[in-house]
Amino acid sequence: MNIVLIAHDPKKKLMQNFCIAYRGILKNHNLFATSTTGRLVEEASGLQVHKFLAGHLGGVQQIATQIESNQMDLVIFLRNPMDHITPDNDFLNISTLCDIHNIPLASNLASAELMIKSLERGDLDWRDLYKH
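Residues numbered from 1 in each chain as written. Predicted model: local features only at pLDDT ≥ 70, side-chain atom pairs only at ≥ 80, totals over all residues. Heavy atoms only, no water.

A.B. asks: Would you take a moment to explain the environment of Met-82 for this structure?
C.D. replies: Summarising the element assignment, Met-82 is placed in the loop between strand S4 (74-78) and helix H5 (89-101). Taking the C-alpha atoms as reference, Met-82 lies 9.9 Å from Pro-10; in sequence the two are 72 residues apart. (Helix = DSSP H or I, 4+ residues; strand = E, 2+ residues; numbered from the N terminus.)

Here it is as structure tokens:
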């Protein structure tokens, strides 16, 4: 499965810890991330991550293109809901595309853990059929 990892700056450490905790599951899948998140995950967990551009340099848009073409199977987007200064257009765009293309999306640690456990059990295997 192709799994997207995106984390706003205040959530990057949480993403690293999540990937360390679930390394045994994640190592069996293809991981994709914006460049900084991908680098931090690789350094912390030893997992191999395909890195797009930094989020603010177009990486989120690159990921959105992959979602639009139904190339991603699961998105974990740990966002900072407390940032009221700037509208979260990246999350809105990604979540809309996931809804359109029926791609599971986790936006916090609790939902990410549920998704990763579902992935481990094979509950998301239907994505393989959905893509063809």
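From this point, the discussion proceeds with the structure in view.
A.B. asks: Before we go on, may I ask you to explain helix H3 (residues 35-45) in this structure?
C.D. replies: At 3.6 residues per turn, the α-helix brings residues three or four places apart onto the same side. Taken as a whole, H3 has its buried residues at Thr-37, Gly-38, Leu-40, Val-41 and Ser-45. Down the axis of H3, the buried side of the element spans an arc of 165°, and every buried residue falls inside it. Buried positions along H3 lie against strand S1 (2-7), helix H1 (12-21), helix H2 (23-26), strand S2 (30-33) and strand S3 (49-51). After H3 finishes, the residue Gly-46 shows a positive phi value of roughly 80°. (Buried < 20%, exposed > 50% of the residue type's maximum accessible area, 1.4 Å probe, protein only. Arc of directions from axis to C-beta. Contact = heavy atoms within 4.5 Å.)

A.B. asks: In this structure, what is going on with unusual backbone geometry? I would like to understand it.
C.D. replies: Glycine aside, residues mostly have negative phi, and peptide bonds are mostly found in the trans state. The backbone phi angle of Asn-70 is positive, close to 60°, even though this residue is not glycine. Among the residues examined, Asn-70 registers a relative accessible area of 15% and is labelled buried.

A.B. asks: I would appreciate a short explanation of the sheet that holds strand S5 (residues 105-106) in the present structure.
C.D. replies: Each strand in a sheet pairs with its neighbour through backbone hydrogen bonds, running either in the same direction (parallel) or in the opposite one (antiparallel). Pairing within the open sheet is parallel, and its 5 strands lie in the order S3-S2-S1-S4-S5. On the outer flanks of this sheet lie S3 and S5, each paired with one strand and no other. As defined by bridge partners, S1 adjoins S4 across 5 bridges and the pair is classed as parallel. Among the inter-strand pairings, Val-4 is bridged to a residue of S4, identified as Val-75. Of the strands in this sheet, S4 and S5 are in contact with H5, which crosses S4 at around 160°. (Pairing = 2+ DSSP bridges. Axes fitted to C-alpha atoms, helices over the stretch in contact; angles between N-to-C directions.)

Keep in mind that these numbers describe shape and distance, not what the molecule does.
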